[in-house]
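Descriptive structure summary
Chain by chain, the residues:
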Amino acid sequence: MKKPSVAVTGMGIVSSAGSGVASFSEALKSGDSGCTLCTEYPELAYPLVAALFKDFDFEKSLAAFSDVPMPIIDRALKAARRAPRSIQASLIAALEAWQMAGLSSRAIDSSRIGLVIAGQNLNQLYRYRLQQNLQYSTPRYALHFMDTDHVGVLSEVFDIHGEGFTIGGASASGNMGLIHAKRLLEQGILDVCLVVGPYADLSPLELQAFYSIGALGGERFSQEQKKASRPF
């Protein structure tokens, strides 16, 4: 039996080097990594060079999707207005991909749409900040500290009733997500699959650990921040 063909029909991105496929593509062509010197964490005893979401505003970004049906926008506001930043960024990127694929205008059985969240340990900064004032922690934390919160929020917003799960493979998580989505489509389990590669919102604890093993540039790139992340 011949496997059905699989195609990428929509893409979306939120990043320090540009939000939106067009903006990010231009950043790639110009070699802009979005890295800058970060001074947010005085508890770190070294210069931190990082790719920061300085200008990300969830509600402002959401309002830019004028062609997306209002029920989706309303559900997004309700589900993610107080969610960790990683979930908000994932939702905005997913909306761009959903819109590009034209899924709002297509009659697709919601049980035939699936969701793969490619990543682990996503909301560390959210957890870290709550630990500073445990007495003021929100009951929402019971949901938000789990990576499956991405599955719940995006499934609710896009009315996805098909298979949904998280998968992790360290730096290869995004690739693993695409591979598993392709398998689900080829096996006829789904007709559409949304793959989301969230960013891990790291706390000073994780940043210190990565610095200690030499995974952060620190002093090496403190004067040349744009050269800190050039994988190609």
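Residues numbered from 1 in each chain as written. Predicted model: local features only at pLDDT ≥ 70, side-chain atom pairs only at ≥ 80, totals over all residues. Heavy atoms only, no water.

Assigned secondary structure in the protein consists of nine helices and five strands. Its helices and strands in sequence order give the protein the pattern α-β-β-α-α-α-β-α-α-α-β-α-β-α, from N to C terminus. Principal-axis analysis of the C-alpha atoms gives the protein an extent of 55 × 45 × 35 Å. Looking at the protein as a whole, 41% of its 232 residues are labelled buried. For the protein, the separation between the mean place of its 21 positive charges and that of its 22 negative charges on side chains is 3 Å. (Helix = DSSP H or I, 4+ residues; strand = E, 2+ residues; numbered from the N terminus. Buried < 20%, exposed > 50% of the residue type's maximum accessible area, 1.4 Å probe, protein only. Lys, Arg positive; Asp, Glu negative; His and termini not counted. Charge placed at Lys NZ, Arg CZ, Asp CG, Glu CD.)

Turning our eyes to something else, we now look at a nonpolar patch on the surface. Taken together, the side chains of Val-8, Met-11 and Met-100 present a nonpolar region at the surface, about 310 Å² in accessible area. Tracing the backbone shows Val-8 in the segment before helix H1 (21-30). Residue class for Val-8 comes out exposed when judged on its relative accessible area of 65%. (Patch = residues over 30% accessible without salt bridge, like charges linked within 9 Å, V, L, I, M, F, W, Y side chains within 5 Å. Areas by Shrake-Rupley, 256 points an atom, 1.4 Å probe, with all protein chains shown as cover. Salt bridge = Lys/Arg side-chain N within 4 Å of Asp/Glu carboxyl O.)

The next thing to look at is the environment of Gln-120. Structurally, Gln-120 is set in the loop between strand E3 (113-118) and helix H5 (124-132). Linking Gln-120 and Tyr-199, residues 79 residues apart in sequence, is a C-alpha distance of 9.1 Å. Beyond its immediate stretch of four places on either side in the chain, Gln-120 contacts Asp-147 and Gly-168. (Contact = heavy atoms within 4.5 Å.)

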